Amino acid sequence: MTTPNVGLYEPGRDLTGRASTAVTGKRFLKITGNRGVGGNIAVAHADAGARIVGVSKYDAAVGAVIGVQRGNSRVTFVATPPTGAALAAFAEVEVGANGTAVARTTGIAVGYTVTGTTVGADAEVSLY
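These numbers come from a predicted model, not from an experiment. (Residues numbered from 1 in each chain as written. Predicted model: local features only at pLDDT ≥ 70, side-chain atom pairs only at ≥ 80, totals over all residues. Heavy atoms only, no water.)

Caption draft 1: How the structure looks around the side chain of Ser 126. Inspection of the secondary structure puts Ser 126 in strand β10 (residues 123-127). Classification of Ser 126 by relative accessible area gives buried; the value is 2%. Here Ser 126 is in contact with Ser 73, Arg 74, Val 75, Val 110, Gly 111, Tyr 112 and Val 114, once residues within four sequence places are set aside. (Helix = DSSP H or I, 4+ residues; strand = E, 2+ residues; numbered from the N terminus. Buried < 20%, exposed > 50% of the residue type's maximum accessible area, 1.4 Å probe, protein only. Contact = heavy atoms within 4.5 Å.)

Listed below in structure tokens is the structure:
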């Protein structure tokens, strides 16, 4: 076999990142830089309305290694803002402030809620 292509991140597999800013658990994440120390990609909270790489597994200080949950149809908890609107069951969500989950309006849909969520509670989100 010549020129084999070995997958780096298989579908649905979690990965490890390095926090380029302080990260809070249960938040949508974006890639912020190239692979660096320890071979980990740099990550931080995703921008409002933007695409994501996954969801943070726990809190991490700047420079710390952090687990990233990812994968199409994976259901995981994502924090919602402390104020705003509740999320209905099966509502599409986008990234809100600080990587939280909010009802989709004009941003990129990153998943949908599995069940309704009250304001400030963690949402059960099935990732796209």
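Caption draft 2: Seen up close, the environment of Ala 19. Mapped onto the fold, Ala 19 is located in strand β1 (residues 15-19). In the structure, Ala 19 is positioned 46 residues away from Val 65 in sequence and 6.4 Å away in space, judged by C-alpha atoms.

Caption draft 3: Just the sheet that holds strand β8 (residues 101-103), in detail. Here we have five strands laid out as an open sheet, ordered β6-β10-β9-β7-β8, and antiparallel in their pairing. This sheet does not close on itself; its edge strands, each paired only once, are β6 (75-78) and β8. Across the sheet, the mean angle separating the axes of adjacent strands is 50° when strand polarity is ignored. Looking at chain direction, strand β9 (residues 111-113) and β10 are connected through three bridges and run antiparallel. Its bridge partner being in β10, Gly 111 is matched across the sheet by Leu 127. (Pairing = 2+ DSSP bridges. Axes fitted to C-alpha atoms, helices over the stretch in contact; angles between N-to-C directions.)

Caption draft 4: Focus on unusual backbone geometry. In this structure, Phe 90 takes a positive phi of about 70° despite not being glycine. Of note, Phe 90 is situated in the loop between β6 and β7 (92-95). Phi at Asn 98 is positive, roughly 55°, even though this residue is not glycine. Summarising the element assignment, Asn 98 is placed in the loop between β7 and β8. You can call Asn 98 exposed: its relative accessible area is 52%.

Caption draft 5: The arrangement of the nonpolar core in detail. Membership of the largest hydrophobic core is limited to 12 residues, which are Phe 28, Ala 46, Val 55, Val 78, Leu 87, Val 93, Val 95, Ala 101, Val 110, Ala 123, Val 125 and Leu 127. Within the residue set of this core, elements represented by two or more residues are β7 and β10. With three residues, β10 is the largest single contributor of residues to this core. Core analysis: the second largest hydrophobic core is formed by 10 residues, Leu 15, Leu 29, Val 43 and Ala 60 among them. (Core = buried A, V, L, I, M, F, W, Y, C linked by side-chain atoms within 4.5 Å.)

Caption draft 6: Looking closely at the packing of aromatic side chains. Applying the stated rule across the entire model yields two aromatic pairs. The interplanar angle of 70° and the centroid separation of 5.0 Å between the aromatic rings of Phe 90 and Tyr 112 together place this pair among those described as edge-to-face. Of this pair, Phe 90 sits in the loop between β6 and β7 while Tyr 112 sits in strand β9, and the two are 22 residues apart along the sequence. Judged by relative accessible area, Tyr 112 falls into the partly exposed class, the value being 25%. Seen in terms of ring centroids, Tyr 112 and Tyr 128 are 6.0 Å apart; in terms of plane orientation they differ by 50°. Their pairing is tilted. Here Tyr 112 is found in strand β9, whereas its partner Tyr 128 is found in the segment after β10, with 16 residues between them in sequence. (Phe/Tyr/Trp six-rings, centres within 6.5 Å; stacked < 30°, edge-to-face > 60°.)

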